[in-house]
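# Structural features, examined
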Amino acid sequence: MTPARDPLGFIRTHTRLRPVPHAPEIVLHVADEATALWQKTEDELQEIGLPPPFWAFAWAGGQALARYLLDNTATVAGRTVVDFASGSGLVAIAAAKAGAARVLASDLDAFALHAIPLNAAANGVANRIATTGANLIGSDAAMNAGCVLAADVFYERDLGEAVTAWLSGLHAAGRTVLIGDPGRAYLPKARLVPLATYEVPVTRDLEDAEIKTSRVWTFRSA
């Protein structure tokens, strides 16, 4: 059976449950060998449309934002939260563990939409995390939330510009907007202020480093 027909089986076969290095209170189904899983999905991409496995790793910005939420629970406690481009669900899980009333985790990757509930269940917060495959940019779901979270999303120009415009609008409308990012190419630093800085252990195969200085950001006030 192909991965597309059995995504949960694919996830379980190619990952194992491990603590997140910079947020060990959380466990995730992650890949042991980054390059092996990435190559597997690349080999099958054209044949079955399998996207790169962003959901199989704890990225630097997500680890930083998760750590921040766990250490600053008042940020999300009792609130409705949106986690944009959730991937593994790491940040959504951190928000739920920090006391968020409800978390909507969004991702366009169907595999992520299977990985997120699996990881949420492993952390005992499945009842407070819902998933959506809809594109939330400009959506009512984000506008109706009290807090919007986004980690590791500024790696492409067009996406970065669209997300910047959307998140800055949410900030201007009074929503709490938090970004986790290690300084990726299209992060709009001039419009942001850092709230916290972390030295995050990462996978060298993915980040070309063993430690990434990563920050939690929010938009500057007008």
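Below, the structure is looked at part by part.

Conventions used here
- Residues numbered from 1 in each chain as written.
- Predicted model: local features only at pLDDT ≥ 70, side-chain atom pairs only at ≥ 80, totals over all residues.
- Heavy atoms only, no water.
- Helix = DSSP H or I, 4+ residues; strand = E, 2+ residues; numbered from the N terminus.
- Contact = heavy atoms within 4.5 Å.
- Areas by Shrake-Rupley, 256 points an atom, 1.4 Å probe, with all protein chains shown as cover.
- Axes fitted to C-alpha atoms, helices over the stretch in contact; angles between N-to-C directions.
- Left-handed = near helix turned anticlockwise from the far one by under 90°.
- Nonpolar A, V, L, I, M, F, W, Y, C, P; charged D, E, K, R; others polar.
- Pairing = 2+ DSSP bridges.

### Points about the overall build of the protein chain
Counting its regular elements, the protein chain contains eight helices and nine strands. Taking the intrachain contacts of the protein chain between residues at least 6 apart in sequence as the baseline, contacts between residues at least 24 apart amount to 67%. In the form shown here, the protein chain has an accessible surface area of approximately 9900 Å², with 49% of it arising from carbon and sulfur atoms.

### Here we look at the packing of helix α1 (residues 7-14) against helix α5 (residues 110-122)
Where α1 meets α5, the axes come as close as 9 Å, and the angle between the chain directions of the two elements is 65°. The way α1 lies across α5 gives a crossing that is right-handed. Along its contact with α1, which presents Pro-7, Leu-8, Phe-10, Ile-11 and Arg-12, the element α5 presents Phe-111, His-114, Ala-115 and Leu-118. Across the contact of α1 with α5, the residue classes break down as seven nonpolar, one polar and one charged.

### Comments concerning the sheet that holds strand β6 (residues 147-151)
With mixed pairing, seven strands are arranged side by side in an open sheet as β5-β4-β3-β6-β7-β9-β8. Here the strands that pair on one side only, and so sit at the sheet edges, are β5 (129-132) and β8 (192-201). On average, adjacent strands in this sheet sit at an angle of 20° to one another, irrespective of strand direction. Sheet topology places strand β3 (residues 80-84) next to β6; four bridges connect them, and they run parallel. Bridge pairing in β6 places Val-81 opposite Cys-147. In the packing of helix α4 (residues 90-97) onto the sheet, contacts are made with β3, β4 (102-106), β5 and β6, and the angle to β4 comes to roughly 180°. Its contacts with the sheet put α5 on β4 and β5, and the angle it makes with β5 is roughly 175°.

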